[in-house]
Amino acid sequence: MPGGGERGVIGGVELALRCAERGWWVHPLLPGSKRPAGNCRRCRPPSTGARPACGFPDADGCACREAGRYCHGVRAATRERELIHRWWRGQDFGVGVATGPSGLVVLDLDDHDRPPPDQALLLPGVDLTQHPDTELDRVRTGMDVLDLLCRVRRAASLLEAPATLTVQTPSVINGA
């Protein structure tokens, strides 16, 4: 958890402020979701999967960003304490971090209860036939794929790396 390894649950605004103090750019997420919050009718899609009238994510012609509103997720992300307080006031938002501007690298190590993808899709661009010792039949999770990448590249296993920030997010399976 950002802030030095504390245990327990902290509120969204507190977490957002801690992230911003680390230099990370934050934006509100809908409660229990990975989706950015929208705060005007133009920025909310008319139906699931549709594009909002404002053209999000492009946001051309939308006044939300210029007005300091959070409608456009990573494009509206901020480190400004005042905006963070205003955006999270009275809301149960989660905290999204815009990884690019924050200088972060994210590894998404999914562990869904379903068969792994076709072996050709495990490490796109890596010819696994050149690595007969990779034991592809044992690959089941994102952790397995990460371990496979380390073995193929003859790198130290990242599974034994020092502790780092880890988050658990809701999964979206089959577009749900």
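First things first, this report covers the structure right here in the doc. The structure presented is a predicted model; accordingly, all values stated were derived computationally and were not measured.

## Topic: the nonpolar core
Ranked by internal contacts, the top residues of the largest apolar core, which has 15 residues, are Ala16, Val26, Ile84, Trp87 and Trp88. Of all the elements in the fold, those that place two or more residues in this core are α1 (12–21) and α2 (81–88). The contact partners of Val26, leaving out residues within four places of it in the chain, are Ala16, Cys19, Ala20, Ala77, Thr78, Ile84, Trp87, Trp88, Val95, Gly96 and Val97.

## A word on the pairing of strand β1 (residues 25–29)
β1 sits mainly inside the fold: 4 of its 5 residues count as buried. In this sheet, strand β2 (residues 94–98) lies alongside β1 in antiparallel orientation, the contact comprising 5 bridges. When the bridges of β2 are listed, Pro28 appears paired with Val95.

## Points about α1
Every buried residue of α1 is listed here: Ala16, Leu17, Arg18, Cys19 and Ala20. Looking at the packing, one finds that the buried side of α1 touches β1, α2 and β2.

## Regarding the environment of Gly32
With respect to the secondary-structure elements, Gly32 resides in the loop between β1 and α2. For Gly32 and Phe93, which are 61 residues apart along the polypeptide, the C-alpha to C-alpha distance reads 8.1 Å.

## Here's the deal with α2
Every buried residue of α2 is accounted for by Leu83, Ile84, Trp87 and Trp88. Buried residues along α2 cover an arc of 115° about the axis, so they all sit on one side. Along its buried surface, α2 packs onto α1, β1 and β2. In the segment just after α2, Gly90 is the residue with positive phi, at about 70°.

## Things to note about the packing of aromatic side chains
Using the criterion set out here, one finds 3 aromatic pairs in the structure. Measuring from centroid to centroid gives 5.8 Å for Tyr70 and Trp87, while their planes differ by 75°, and the two rings are edge-to-face. With Tyr70 in the loop between β1 and α2 and Trp87 in helix α2, this residue pair connects regions lying 17 residues apart in the sequence. A residue is classified by how much of its surface remains accessible, and Trp87, at 4% relative accessible area, is buried. Look at Tyr70 and Phe93: their rings are 5.3 Å apart centre to centre, the planes differ by 70°, and that puts the pair in the edge-to-face class. Placement of the pair is Tyr70 in the loop between β1 and α2 and Phe93 in the loop between α2 and β2, with a sequence separation of 23 residues. For the pair shown, Tyr70 and Phe93 are each scored as buried.

Basis of the calculations
Residues numbered from 1 in each chain as written. Predicted model: local features only at pLDDT ≥ 70, side-chain atom pairs only at ≥ 80, totals over all residues. Heavy atoms only, no water. Core = buried A, V, L, I, M, F, W, Y, C linked by side-chain atoms within 4.5 Å. Buried < 20%, exposed > 50% of the residue type's maximum accessible area, 1.4 Å probe, protein only. Helix = DSSP H or I, 4+ residues; strand = E, 2+ residues; numbered from the N terminus. Contact = heavy atoms within 4.5 Å. Pairing = 2+ DSSP bridges. Arc of directions from axis to C-beta. Phe/Tyr/Trp six-rings, centres within 6.5 Å; stacked < 30°, edge-to-face > 60°.

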